Amino acid sequence: MRNSRFVTTLVVALALAFVVRLSAWAQEGGDAEKYRQGAQIYAENCAVCHGENGEGRVGATLAKDWPSIRPDLAARATIANGVPGSPMPAWSQANGGPLTDEEIDAVVYFLLNWQTGGFPEITPRPTATAMTVLSPVPGVEGDPNRGAVLFDYNCKVCHGAGGEGRIGEPLNKTWASVRPDLAIKTTIAEGVEGSPMPAWSQANGGPLTEQEINDLVAFVLTLSESPVEQVATAAPETSVQASPLSGWWGVALAIVLFFLIVLLSQLLQRNSPR
Ligand code: HEC
Ligand code: HEC
């Protein structure tokens, strides 16, 4: 009786030890896989701003020592939620981004390895996509073919490979502006403040030269269905621009003004001699 209980205990203990050992092996294998997945996600989504080796570019340096006690949690929160008011987008699907929780875990795992010197592996570059030769847009300075390469590396992550939109706006559209080339150039050079769209010109602290931005403008125009007509029919007058008082800003301003007037009238009433 006592003997059989002893044997049962022994068998259970051995089985437990085996399971623990097995899951440790599985984990070791899983980690290399996770690292590769993280490296891939990083190359496709993050290198554009943080540099291929985390050295920083438009975005912060990530190849560093993290001051946090749980750097994985800190990094995961930043990646999932983004940094509002900065170019750092929110990546989690819960926040409208493109990455699953598992993918975010993988990319966190990947970038924290820089802290310890990293794996001896090399970050894969984004795979080059075959491109058709584009004819230049009449009246526009840049070369759309060079623009296509620049777009693939810098813009695809947010605007999609064919400009169909992802975190950023679709660009394969008909442009409302009369001189779309100028409007597009300004947006690329200066970015859109308060949105994830970074400023790309060197004059604004970005990585691209004026020529490169011209090339990008030419390429972006080829994304819309009728680039030639669009610029060819462009007349230099009457550009349609949203007034700064339109939409919610106008409403907010009206409310603030209303309260100011009420406040002022009360102050005047209080101070006026009876
Ligand atoms: C459009 C540019 C851009 C892209 C793309 C981008 N980031 Fe960032 N990221 C930034 C900027 C800018 C900051 C600094 C924000 C701040 O604190 O003002 C930042 C901050 C961070 C931080 C916090 C750094 C710190 O020191 O606390 C982490 C972590 C990070 N990014 C990870 C990622 C990951 C992972 C990806 C890809 C999934 C990514 N980023 C994609 C621009 C970008
Ligand atoms: C981190 C994401 C991100 C990256 C990288 C990015 N953009 Fe954008 N872009 C946006 C967002 C978001 C908007 C919309 C901004 C707004 O109006 O609120 C935008 C807007 C634009 C617009 C204006 C669209 C319109 O309808 O007026 C153009 C043009 C543009 N981007 C071109 C580019 C080009 C070219 C690159 C590469 C050099 C680039 N973007 C890289 C996020 C990005």
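Structural notes, computed from the coordinates. Keep in mind that this is a model prediction, so the values were computed, not measured.

On to the side chain of aspartate 181, then. Turning to its location among the elements, aspartate 181 is positioned in helix H7 (residues 180-190). Exposure remark for aspartate 181: the relative accessible area of 6% places this residue in the buried category.

Okay, the coordination of the iron atom of ligand 1 next. Looking at the iron atom of ligand 1, one finds its protein donor set to be His50 (NE2) and Met88 (SD), positioned 2.0 to 2.1 Å from the metal centre. Here the iron atom of ligand 1 is ringed by 6 donor atoms whose angles at the metal span 86 to 178°, and the overall shape comes out octahedral. With a gap of 38 residues between them, histidine 50 in helix H2 (residues 47-50) and methionine 88 in the loop between helix H3 (71-81) and helix H4 (101-112) connect regions that are remote in the sequence. A relative accessible area of 10% places histidine 50 in the buried class.

Within the structure, ligand 2 sits among 21 residues, and Cys155, Cys158, His159, Lys173 and Met197 are positioned closest to it. Between ligand 2 and the protein, one listed contact pairs a nitrogen atom with a side-chain N or O atom of histidine 159 at 2.7 Å. Within the side chain of lysine 173, one N or O atom sits 2.5 Å away from an oxygen atom of ligand 2. Ranked by the residues each element gives to the shell around ligand 2, the list is headed by H7, at 3 residues. For the shell around ligand 2, the residue count by class is 14 nonpolar, 5 polar and 2 charged.

Turning next to the site of ligand 1. Not every one of the 23 residues close to ligand 1 is listed here, only the nearest: Cys46, Cys49, His50, Lys64 and Met88. The separation between an oxygen atom of ligand 1 and a polar side-chain atom of lysine 64 is 2.5 Å. Sorting the residues of the shell around ligand 1 by element identifies H2, H3 and H4 as the ones contributing at least two each. In terms of residue count, the dominant contributor to the shell around ligand 1 is H2 (3 residues). Looking at the shell around ligand 1, its residues break down into 17 nonpolar, 5 polar and 1 charged.

Conventions we followed
Residues numbered from 1 in each chain as written. Chains lettered and ligands numbered in written order. Predicted model: local features only at pLDDT ≥ 70, side-chain atom pairs only at ≥ 80, totals over all residues. Heavy atoms only, no water. Helix = DSSP H or I, 4+ residues; strand = E, 2+ residues; numbered from the N terminus. Buried < 20%, exposed > 50% of the residue type's maximum accessible area, 1.4 Å probe, protein only. Donors = N, O, S within 2.8 Å, 3.2 Å for Na, K, Ca; no water. Tetrahedral: all angles 85-135°; square planar, octahedral: opposite > 155°, others 65-115°. Near = heavy atom within 4 Å. Polar contact = N/O pair within 3.5 Å; in protein donor to acceptor, adjacent residues only side chain to side chain. Nonpolar A, V, L, I, M, F, W, Y, C, P; charged D, E, K, R; others polar.

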